[in-house]
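Given next are the chains, with one letter for each unit.
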Amino acid sequence: MFRSFRWQIALWFVGLSSVIYLALALVGALCFFTSLSHSMDEELKVVASQIGHAIDVTGDKPTFRDWLRVVETEPARSVMSMQLFDPDGNLLEHYGPPGIPRLLEGQEEMTENQQTVRIRQSKLTHKGNLVGYLQLQLPADKRSELTREFLATMAIMAPFVLFGFGICSYIVSGIAARPIEHLFVTLQRFVADAGHELNTPASIIQARSQSLERKLTKQGIVVDDVPVITSASERMGQIVRNLMLLAELDSGSQEPVRTTLDLQEIINCTLAEFLPRFQEKKIALKSSLQPITVFTDRESIDCILRNLVGNALKYTETGGAITVTCVTHEGEVCLTVEDTGIGIPEDSLPLIFERFYRVDKSRSRASGGSGLGLAIVKAVTESLSGRVEVESELAKGTRFYVYLPLPRASAVAQKLHTCL
Ligand SMILES: Nc1ncnc2c1ncn2[C@@H]1O[C@H](COP(=O)(O)OP(=O)(O)OP(=O)(O)O)[C@@H](O)[C@H]1O
Ligand SMILES: [Mg+2]
């Protein structure tokens with residue numbers, strides 16, 4: 001149980017770390033992208049201020065003056081497109097790559113023909129009059145390439161980082177779970193020890209009250225209290241045994257003793273023991289069982305069946321019917337116990353497998369229930385690597401499904417058997 005607890009914490013941690021890592025990678029890429037855009041803008045600003053001196057604005061149209069000097073001193077600027085426009089936005093001159101040959105007023109960035117450029121415009125004035133525009137365009141390929149490289153690096157690093165996180169979280173969760181594990185083991189030991197200590201007096205009280213009841217009956221004396229003591233001690237003994245069984249299942253100390261069994265035979269044997277109670281309550285017992293060979297623990301199957309059939313009997317009115325079926329389905333055995341009883345309210349369905357949970361406490365107490373039976377069914381089924389499900393409708397009935405895995409060879413054999 002604690003191993004799975006530890007794995008669960010570790011997996012949650014790795015899952016959470018993956019999300020954080022992904023978020024960091026995306027935020028990092030965004031910051032990287034923004035800072036590259038910012039430095040491109042800075043470059044455009046510097047070039048614009050330097051090139052401003054090389055533009056002649058005294059004639060009727062602005063022209064590059066002395067621009068070769070600017071270009072020669074800054075070879076890197078050959079990737080930058082420099083354009084001169086008249087006040088109406090007509091292109092007059094350009095140097096460098098053609099870029100987007102339009103005046104893109106108010107735009108910081110533009111994508112056209114699969115090319116993205118960062119843009120900067122400056123107004124050219126002479127004696128306070130607008131004489132044209134200088135527009136610079138810097139291709140953003142390098143920025144995209146660098147951002148892609150950043151993301152690729154983060155993606156390559158991801159498995160190593162997450163593996164590291166996984167190992168750390170497994171170690172840390174082990175350390176964090178140690179005190180809880182210690183407490184849990186102490187509690188289990190306490191329940192087991194208390195169970196052993198209580199079981200003996202409960203058995204003695206039960207045996208002595210039964211013997212007292214017999215003696216008094218022989219002498220023709222009827223004392224109402226004695227049968228009450230007998231049934232209460234019987235119930236107490238049952239609760240103690242159930243608690244001990246749950247503590248044992250929780251600790252995982254008792255591995256199921258698996259042998260090759262005929263499931264049909266086990267079910268028939270267990271049902272035969274219930275027959276007097278069926279007859280007493282006038283409830284019809286129906287069964288539909290396939291001959292299924294399983295490799296499992298006989299006592300566990302018996303325990304599951306006793307609890308489910310016991311419940312069905314307890315919560316079905318006289319005249320009702322209980323059906324037990326057992327079939328194989330997709331590599332699993334499906335054992336079903338269905339009744340036509342009082343049913344379980346929908347909001348109680350997720351709770352009925354919890355310890356000491358009873359839908360109607362007064363009713364269950366009257367029928368001798370303590371709310372441990374289904375918790376045991378669930379724990380026992382899970383110890384056999386199976387699962388248990390329930391469907392119910394109030395006043396119509398309840399159906400419990402217990403799914404158990406079939407061993408592979410057995411699954412093939414069962415399939416053949418079903419086909420023949
Ligand atoms: N077949 C059923 N029909 C209707 N209600 C059911 C049925 N099986 C279980 N329940 C409800 O689920 C509750 C829990 O069942 P569970 O078997 O755990 O406890 P219990 O039968 O009351 O006591 P215990 O099994 O410990 O003697 C029951 O109290 C009952 O309210
Ligand atoms: Mg029960």
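Residues numbered from 1 in each chain as written. Chains lettered and ligands numbered in written order. Predicted model: local features only at pLDDT ≥ 70, side-chain atom pairs only at ≥ 80, totals over all residues. Heavy atoms only, no water.

1. Quick notes on the environment of Ala158
- Position of Ala158 among the secondary structure elements: in helix H3 (residues 141–218).
- Given a relative accessible area of 15%, Ala158 falls into the buried group.
- With 136 residues separating them in the primary sequence, Ala158 and Leu22 have C-alpha atoms 8.7 Å apart. (Helix = DSSP H or I, 4+ residues; strand = E, 2+ residues; numbered from the N terminus. Buried < 20%, exposed > 50% of the residue type's maximum accessible area, 1.4 Å probe, protein only.)

2. Quick notes on the site of ligand 1
- Surveying the vicinity of ligand 1 reveals 21 residues, the closest of which are Asn311, Asp339, Ser370, Leu372 and Leu374.
- Between a nitrogen atom of ligand 1 and a side-chain N or O atom of Asp339, the distance comes to 2.8 Å.
- Taking Gly371, its main chain carries an N or O atom lying 2.9 Å from an oxygen atom of ligand 1.
- Protein contacts shield 95% of the accessible area of ligand 1, which totals 590 Å² for the unbound molecule.
- Contributions of two or more residues to the shell around ligand 1 are made by helix H6 (298–314), helix H8 (373–383) and strand E14 (397–405).
- Take the shell around ligand 1: its biggest share by element is 3 residues, from H6.
- A per-class count over the shell around ligand 1 returns 10 nonpolar, 8 polar and 3 charged. (Near = heavy atom within 4 Å. Polar contact = N/O pair within 3.5 Å; in protein donor to acceptor, adjacent residues only side chain to side chain. Areas by Shrake-Rupley, 256 points an atom, 1.4 Å probe, with all protein chains shown as cover. Nonpolar A, V, L, I, M, F, W, Y, C, P; charged D, E, K, R; others polar.)

3. Regarding the confidence of the model for the chain
- Within the chain, residue pLDDT values average 87, and 91% of them lie at 70 or more.
- Mean pLDDT values over the elements of the chain span from 50, in helix H9 (residues 408–419), up to 96, in strand E13 (residues 387–393). (pLDDT = per-residue confidence, 0-100.)

4. Digging into a positive patch on the surface
- On the surface, Arg208, Arg214, Lys215 and Lys218 cluster together into a patch of positive charge.
- Note on Lys218: relative accessible area 78%, which makes it exposed. (Patch = residues over 30% accessible without salt bridge, like charges linked within 9 Å, V, L, I, M, F, W, Y side chains within 5 Å. Salt bridge = Lys/Arg side-chain N within 4 Å of Asp/Glu carboxyl O. Lys, Arg positive; Asp, Glu negative; His and termini not counted. Charge placed at Lys NZ, Arg CZ, Asp CG, Glu CD.)

5. Observations concerning the state of the cysteines
- Inspection of the entire model under this criterion finds 0 disulfides.
- This cysteine, Cys303, is not joined by any disulfide, and Cys269 carries the nearest cysteine sulfur, 16 Å off.
- When its relative accessible area of 16% is taken as the criterion, Cys303 is described as buried.
- Left unpaired, Cys334 is separated from the closest cysteine sulfur, that of Cys326, by 7.8 Å. (Disulfide = S-S within 2.5 Å.)

6. Overview of the nonpolar core
- Grouped together as the largest cluster of nonpolar side chains are 44 residues, with contacts concentrated most on Leu263, Ile267 and Val309.
- Mapped onto this core, the elements with two or more residues apiece are helix H5 (263–281), H6, strand E11 (321–329), strand E12 (332–339), H8, E13 and E14.
- A total of 8 residues in this core trace back to one element, the largest contributor, which is H6.
- Setting aside chain neighbours within four positions, we find Leu263 in contact with Ile292, Val294, Ile301, Cys326 and Val333.
- Residues Met80, Leu84, Leu134 and Leu136 belong to the second largest nonpolar core, which totals 17 residues. (Core = buried A, V, L, I, M, F, W, Y, C linked by side-chain atoms within 4.5 Å. Contact = heavy atoms within 4.5 Å.)

7. Some details on the sheet that holds strand E7 (residues 129–139)
- Taken in spatial order, the 5 strands of this open sheet run E4-E3-E7-E6-E5, and their pairing is antiparallel. At either margin of the open sheet sits one strand with a lone partner, and together these are strand E4 (91–95) and strand E5 (109–112). Taking each pair of neighbouring strands and ignoring which way they run, the sheet shows an average axis angle of 30°.
- One ladder, built from 4 bridges, connects strand E3 (residues 81–85) with E4; its direction is antiparallel. Counterpart to Gln83 in the pairing with E4 is His94. (Pairing = 2+ DSSP bridges. Axes fitted to C-alpha atoms, helices over the stretch in contact; angles between N-to-C directions.)

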